[in-house]
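# Summary of the model geometry
The chain contents come next:
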Amino acid sequence: MKIQKLNNFFRRLGEFQLKYRWIFLILIFAVTAFCCIGLRNLDLSSSEEEWFDDWDNIKIAQDKFEDMFGADDSVMALIEADDVFDREVLEAIDKIGKRLEAEVPYAKSVTSLTELSIPQGNEEGFEIISPLEDFCENNYSDQEIAEKKKYILSRESLVNSLVSDDAKETWIVLQLENYSEPMTQAMNKIVPPARAIFTSPEFQSEKFTIKPTGLSYTEYEESEVTAREISIRIGIGFIVMIICLIIFMRSLRGVIVPCIATVGAIGSVLGLNGWLKIQGDDQMIALPVLLSMALSIGYAIHYVNSFRLHFRRTGNRKQSVLNSMEESGWPIFFTVITTVAGLISFLFADIRPLRWVGGCSACCVFAVYVYVMILIPIFMSFGKDGKAASASDIAAMEGATKTDLAVEKAGSRIIRRSVLVLILSLAVIAGMIPGIPRTQVNMDYTEMMGERTDFVKRLLSILRGKLGSQYSYNVLVEYEDADAFKSSDAVKRLDVLSQKLGSLDTTKVSGSKPRVTSITKIIKEMNRTLNEDSQEAYAIPEDDDLLTQEMFLYEISGGDDLYDWISDDYRNAYIHIEMNGYEANKITKTLNLAKSYASEVFPDAKTSIVGEVVNYAVMNGKLVKGELKSFLGSFILILALMTIAFGSLHTGLIAMIPNIAPVIMIGGVMGYLGISLDMITMTTMPMILGIAVDDTIHFTNHIKFYFEKGLSYKDAVLTSYREIGKTMGMTTIILCSMFLVLSFSVMNCLARLGYLSIIGLVSALIADYTLTPVLIFLTKPFGKEKKIVS
């Protein structure tokens, strides 16, 4: 493909643009205004519900579980004290529980030391009691409290589940009803009143501390932290953008126009999201915004530097605008296309937020290009003409600055040592490759967010306590026939499965007790109560009729949690397993063992695993596949575009080598430093591949352009160093400045995205200064050298 023909096309496009420049300005203003109106409808959220498509098996299984047993969500608070049975602590627990039940939407029931369902024997058999019920209304004596404490701590089903055996920790649990709206909307109603209760001055005391948690509660806090961090990063990013423009542009027009172009492009794309009711992701929004800011400056600098070069030579504004469009129009457009190709590769991932951020970023990049290449040439065409440089000045410097000549001199040294440069470059790349397989996938959001965020610090302190756990899963057992779990054999097998699951090394253990819960605990407590509270009777009844009678008696005696664990037709039951942490390399093995145990114990029933940790495990697999699909898709798309643009697969492959280098560097650094691959960091490699190729295109395009004009490979390379070498460095500095903003985030995932991107961008620049010209000089991909006589 002849570069000159493409350049001529962009020159004609520039002529058309200048001829109708006022019409262009009016149209772009009208389109921007219309699109930005849609910003009021923009919906940004971050919820696990958005990870999976409706047809994903994991979501189908989770929805089915919630239809049977209600929402797998609750608002919880861990109460820590020297003695949770202290009068003041119990009064607070009672008041908090009552207020939660009365004031929090979707409240179903409260479980706490003052709201229990314990079977107790009486003359008629047994009754369901709550020993400390209505604690504030009943004036219990110290002796009564001590007796009730002893009784509660004698209940095996409660100790190290609801209350620790040393009586220093206990839970208040508000179980929630099924949501009638998306979780994001529901948690916005649930959490504020719950938080107001927990932080009320009434419940601040030196005797106890309150540590709230729960799925919706922590997701709400995560959204708050994310929104605050994103706002701060975008605000600082905009300031950095202005500073970079002031430094590199050194003109009022050069600062204002790119800012207008950036704000207009981002506002238009996000506004269209609002008009089209496309839901975005609040954790991911920083990427398209900061990327657009950085690339807007980059495109502007490439064009403005070219304009200034020609303006110094000609002194004519419109002529310089057209010369710049001819020279830089095609390279800039092609870099946009390849960057877009790198970003749309996220569409290959089976994860909604990644597909959105890929599509949104690609649209923002293209919109920024359109705005920059319309507004900057038009605004540069306004104003007085200058004085053309003399023939002697042009001959001496060829329109170049001292920095341009310094870059050319450095390039000359690289070309003289081309073989050594190639060997050293390949050695560095080879040294990073072994680190790539060491990279682990980890969707532990406490690790993604980091302990610098207050709510994660609190969650980890809960996790380190006796009762605390953050992750859990459920094993669901489904029979075809009703009343299946009225069989003593079925319930016993449920108990056997519970014991097997409790033996897994990932299961949380409080004291010596595995944190595994099912209907068997209620049945064992009832059986013990009906047998004179004998510890030996804490077991499943042997007789089916006796088992059925006990469950019936529990129900009619006021026990309200029987059907939390078993369906009302006794066809389905589940086991809840709490975990001692989240280790990505163990989680898949744990879930596979759980499935195997369930199938082994219940060969006559359907078994499945559901819950939050299953979502993370599935996400781990999707991240690996998504990373491979995104990277391969990006590589193939960009290679195809490079091949078409340069008219040769050989040239396309050569141009891709320097762009693989930064990707390998990122992968190696992640592996060697133990940086996990998560939903944020996985965007780095395909994105950097799409961005890194920009400078390669500019450099290769310039070399090819001057080679076609008759220069030798060496002279074409050195001329390209002089004319665009400085600009390549400037755009990389700007991009790194933008990502540096993320590096200081308190959120680990954003900070990692920041410094990994900087590593990739700096590696890409070094590769383009060294590998790209050296490979072209050594392989001579554009054909034999020839001199064109004018």
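See the structure above.
Treat the numbers as computed from the prediction; the structure is a model and nothing was measured. (Residues numbered from 1 in each chain as written. Predicted model: local features only at pLDDT ≥ 70, side-chain atom pairs only at ≥ 80, totals over all residues. Heavy atoms only, no water.)

### Concerning the environment of S510
How we decide: Starting at the N terminus, helices and strands are each numbered in turn, a helix being any DSSP run of H or I of at least four residues and a strand any DSSP run of E of at least two. Contact between two residues is taken to exist if any of their heavy atoms lie within 4.5 Å; hydrogens are not considered.
Among the structural elements, S510 can be located in strand β10 (residues 509–510). For S510, the contacting residues outside a window of four places in its chain are N160, K466, L467 and R515.

### Re helix α25 (residues 748–779)
Residue pairs spaced three or four apart in an α-helix point in one direction, given the helix's 3.6 residues per turn. Note the cut-off: Multiplying 1.5 Å by the helix residue count minus one yields the expected span of that helix. What we call the bend at a residue is the angle made by axes fitted to the seven residues finishing there and the seven residues starting there. Remark: exposure states derive from per-residue accessible area (1.4 Å probe, protein chains only) relative to the maximum for the residue type, with buried under 20%, exposed over 50%, and partly exposed in between.
With 32 residues, α25 should reach 46 Å at 1.5 Å per residue; the first-to-last C-alpha distance of 43 Å fits that figure. At D768, α25 shows its largest kink, close to 40°. With 25 of 32 residues buried, α25 is to be regarded as a mostly interior element.

### Comments concerning the nonpolar core
The condition is simple: We call a set of buried residues a nonpolar core when its members are Ala, Val, Leu, Ile, Met, Phe, Trp, Tyr or Cys and they connect through side-chain atoms within 4.5 Å of each other.
Residues Y473, F485 and L501 are the most contacted members of the largest nonpolar core, which totals 183 residues. Of the residues forming this core, the biggest block, 18 residues, is contributed by helix α11 (residues 352–381). Core analysis: the next-biggest nonpolar cluster, separate from the first, contains 50 residues, V75, A77, L176 and Y217 among them.

### Describing a nonpolar patch on the surface
The condition is simple: In this analysis, a patch consists of residues with relative accessible area above 30% that form no salt bridge, clustered at 9 Å for like charges and at 5 Å for the nonpolar side chains Val, Leu, Ile, Met, Phe, Trp and Tyr. Per-residue and other accessible areas follow the Shrake-Rupley method at a 1.4 Å probe size, with only the shown protein chains counted as cover for residues. A side-chain nitrogen of Lys or Arg and a carboxyl oxygen of Asp or Glu constitute a salt bridge if their distance falls within 4 Å.
On the surface, a cluster of nonpolar side chains totalling about 550 Å² of accessible area is made up of F34, I37, L272, W275, L276 and I278. As for its placement among the helices and strands, L276 is situated in the loop between α8 (252–275) and β8 (280–281). Residue L276 is classed as exposed on the basis of its relative accessible area of 59%.

### Focus on the packing of helix α14 (residues 418–432) against helix α22 (residues 649–673)
Counted only if it meets this: To obtain each axis, a line is fitted to C-alpha atoms, and for helices this fit is confined to the stretch in contact; angles are then taken between N-to-C directions over 0 to 180 degrees. Note on angle classes: values under 35 degrees are labelled roughly parallel, values over 145 roughly antiparallel, values of 65 to 115 roughly perpendicular, and the remainder oblique. Left-handed is the label given to a crossing in which the near helix is rotated counterclockwise from the far helix by less than a right angle, and right-handed is the label when the rotation is clockwise. Each residue is assigned to one class: nonpolar for Ala, Val, Leu, Ile, Met, Phe, Trp, Tyr, Cys and Pro, charged for Asp, Glu, Lys and Arg, and polar for all the others, Gly among them.
With their axes 8 Å apart at the nearest point, α14 and α22 run at an angle of 40° to one another. The orientation of α14 with respect to α22, classified from their angle, is oblique. Considering how the two elements wind past one another, α14 and α22 form a crossing that is left-handed. Residue-level inspection shows V428, I429, G431 and M432 of α14 in contact with α22, the latter providing A661, I664, M665, G668, V669 and Y672. Within the contact of α14 with α22, the residues separate by chemical class into eight nonpolar, two polar and no charged.

### So, unusual backbone geometry
For N160, which is not glycine, the phi torsion reads 60° and is therefore positive. Mapped onto the elements of the fold, N160 is located in the loop between α5 (142–152) and β6 (169–176). Taking relative accessible area as the criterion, N160 reaches 4% and is therefore assigned buried. With phi around 55°, K277 is a residue other than glycine that occupies positive phi space. Classification of K277 by relative accessible area gives exposed; the value is 71%.

### A short note on α8
For α8, which comprises 24 residues, the first-to-last C-alpha distance of 34 Å matches the rise-based estimate of 34 Å (1.5 Å per residue) to within 8%. Burial within α8 is extensive, with 17 of its 24 residues counted as buried. Just downstream of α8 lies K277, where phi reads positive at about 55°.

### Concerning the pattern of salt bridges
In the structure shown here, the tally under the stated rule is 37 salt bridges. Two residues, R155 and D533, come together in a salt bridge whose shortest N-O distance is 2.8 Å. Here the residue R155 occupies a position in the loop between α5 and β6, and D533 occupies one in the loop between α18 (519–529) and α19 (544–556), the gap between them amounting to 378 residues. A salt bridge links K524 to D495; its shortest N-O distance comes to 3.0 Å. Of the two residues, K524 is situated in helix α18 and D495 in helix α17 (residues 488–502); the sequence distance between them amounts to 29 residues. Overall, D495 belongs to the buried group, its relative accessible area being 12%. Bridged by salt links that share partners, the residues D94, K98, E115 and D134 form one connected network.

### Re the side chain of D94
Our working rule: Nitrogen and oxygen atoms within 3.5 Å of one another constitute a polar contact, given that in protein one can donate a hydrogen and the other can accept it, and given that sequence-neighbouring residues count only through two side-chain atoms.
As for its position among the elements, D94 is in helix α4 (residues 87–103). Within the structure, D94 has its side chain in polar contact with the side chain of K98 (distance 2.8 Å). In this structure, D94 is in contact with T114, D134, F135, C136 and E137, ignoring residues within four places of it in sequence.

### Things to note about empty space enclosed by the protein
Operational definition: The method works on a 1 Å grid over the protein atoms by themselves. A cavity is a set of points holding a 1.4 Å probe that cannot get out, a pocket is an open set with protein on both sides within 12 Å along at least five of seven lines, and residues with an atom within 4 Å of a point line them. Grid points are joined across faces, edges and corners, and a volume is the space filled by probe spheres set on the points.
For the structure on display, the rule yields four cavities of 30 Å³ or more. Considered as a void within the structure, the second largest cavity measures approximately 150 Å³ in volume. In this structure, the second largest cavity is lined by 18 residues; those nearest its centre are I691, D694, D695, T731 and L735. For the lining of the second largest cavity, the secondary-structure elements that each account for two or more residues are α9 (286–314), α23 (684–708), α24 (713–743) and α25. For the lining of the second largest cavity, the residue count by class is nine nonpolar, six polar and three charged.

### Description of the sheet that holds strand β3 (residues 107–111)
Under the convention used in this document: A pair of strands is labelled paired if DSSP reports no fewer than 2 bridges between them.
Pairing is antiparallel in the open sheet, where four strands are placed in the order β3-β6-β2-β7. This sheet does not close on itself; its edge strands, each paired only once, are β3 and β7 (208–213). Looking at each pair of strands side by side, their axes are set apart by 20° on average, direction ignored. Here six bridges tie strand β2 (residues 74–81) to β7, and the two strands are oriented antiparallel to one another.

### Here we look at the packing of helix α7 (residues 215–249) against α8
Following both chains from N to C, one finds α7 and α8 inclined at 145°, their axes separated by 9 Å at the closest point. Note that α7 runs across α8; the crossing there is right-handed. Contact residues: α7 offers F238, M241, I242, L245, I246 and M249, while α8 offers G254, V255, P258, C259, T262 and V263. For the contact of α7 with α8, the per-class residue count stands at ten nonpolar, two polar and no charged.

### A word on the environment of E723
By the element assignment, E723 lies in helix α24. Classification of E723 by relative accessible area gives buried; the value is 16%. Sequence separation between E723 and G626 is 97 residues, and the spatial gap between their C-alpha atoms is 39 Å. Apart from the residues within four sequence positions on either side, E723 is in contact with R313, E327, H702 and Y706. Of the polar contacts made by the side chain of E723, one reaches the side chain of Y706; its length is 2.7 Å.

### A closer look at the sheet that holds strand β12 (residues 516–517)
Here we have four strands laid out as an open sheet, ordered β12-β13-β9-β14, and antiparallel in their pairing. In this open sheet, the two strands that pair with only one neighbour each are β12 and β14 (606–610). One ladder, built from seven bridges, connects strand β9 (residues 472–478) with strand β13 (residues 572–578); its direction is antiparallel. From the neighbouring strand, L476 faces β13, where its bridge partner is Y574. Sheet strands touched by α17: β9, β12 and β13. Its angle to β13, the strand with the most contacts, is close to 20°.

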